[in-house]
Amino acid sequence: MKSIIVTPKNKKAIPFLKHLLSSLDEVAKVEVVQLPQHKTEKSIEAGLKDLQDILAGNKSGKPLQQLLGED
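Residues numbered from 1 in each chain as written. Predicted model: local features only at pLDDT ≥ 70, side-chain atom pairs only at ≥ 80, totals over all residues. Heavy atoms only, no water.

> Even after reading the chapter, I still don't get the overall build of the protein chain, so can you show me in this structure?
Looking only at helices and strands, one finds three helices and zero strands in the protein chain. Listed by position from the N terminus, the elements making up the protein chain come as α-α-α. Principal-axis analysis of the C-alpha atoms places the extent of the protein chain at approximately 55 × 30 × 10 Å. When burial is assessed residue by residue, the protein chain has 1% of its 71 residues classed as buried. Total accessible area computed for the protein chain in this model is approximately 7,200 Å², and 57% of it derives from carbon and sulfur atoms. (Helix = DSSP H or I, 4+ residues; strand = E, 2+ residues; numbered from the N terminus. Buried < 20%, exposed > 50% of the residue type's maximum accessible area, 1.4 Å probe, protein only. Areas by Shrake-Rupley, 256 points an atom, 1.4 Å probe, with all protein chains shown as cover.)

> Would you take a moment to explain the pattern of salt bridges for this structure?
Side chains bearing opposite charge may pair, as long as their charged atoms lie close to each other. Evaluation of the coordinates by the stated rule reveals three salt bridges. Across the pair Glu 31 and Lys 29 runs a salt bridge whose closest N-O atoms are separated by 3.2 Å. Judged by relative accessible area, Glu 31 falls into the exposed class, the value being 52%. Overall, Lys 29 belongs to the exposed group, its relative accessible area being 63%. Here Asp 53 makes a salt bridge to Lys 49, at a shortest N to O gap of 3.5 Å. One end of the pair is Asp 53 and the other is Lys 49, both in helix α2 (residues 39–56) and four residues apart, which spans about a single turn. (Salt bridge = Lys/Arg side-chain N within 4 Å of Asp/Glu carboxyl O.)

> Help me understand a nonpolar patch on the surface in this model?
Taken together, the side chains of Ile 44, Leu 48, Leu 51 and Leu 55 define a hydrophobic patch exposed on the protein surface, amounting to about 420 Å² of accessible area. Take Ile 44: its relative accessible area is 52%, and that puts it in the exposed class. (Patch = residues over 30% accessible without salt bridge, like charges linked within 9 Å, V, L, I, M, F, W, Y side chains within 5 Å.)

Here it is as structure tokens:
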């Protein structure tokens, strides 16, 4: 499934937009997230996304031996 990212002009608009989107029948889920700002946060966020993709079956994981270079 594809996602749409909506960026409000200010923080005050977030509750209104969340309520508005939640009331639509075509919207399955509304989630408010804060995008990572630092390099470490971006790395962790990318790792979590990879994990979600692996668990959903959209991506295949690597064996531990391969990650450790013990092939």
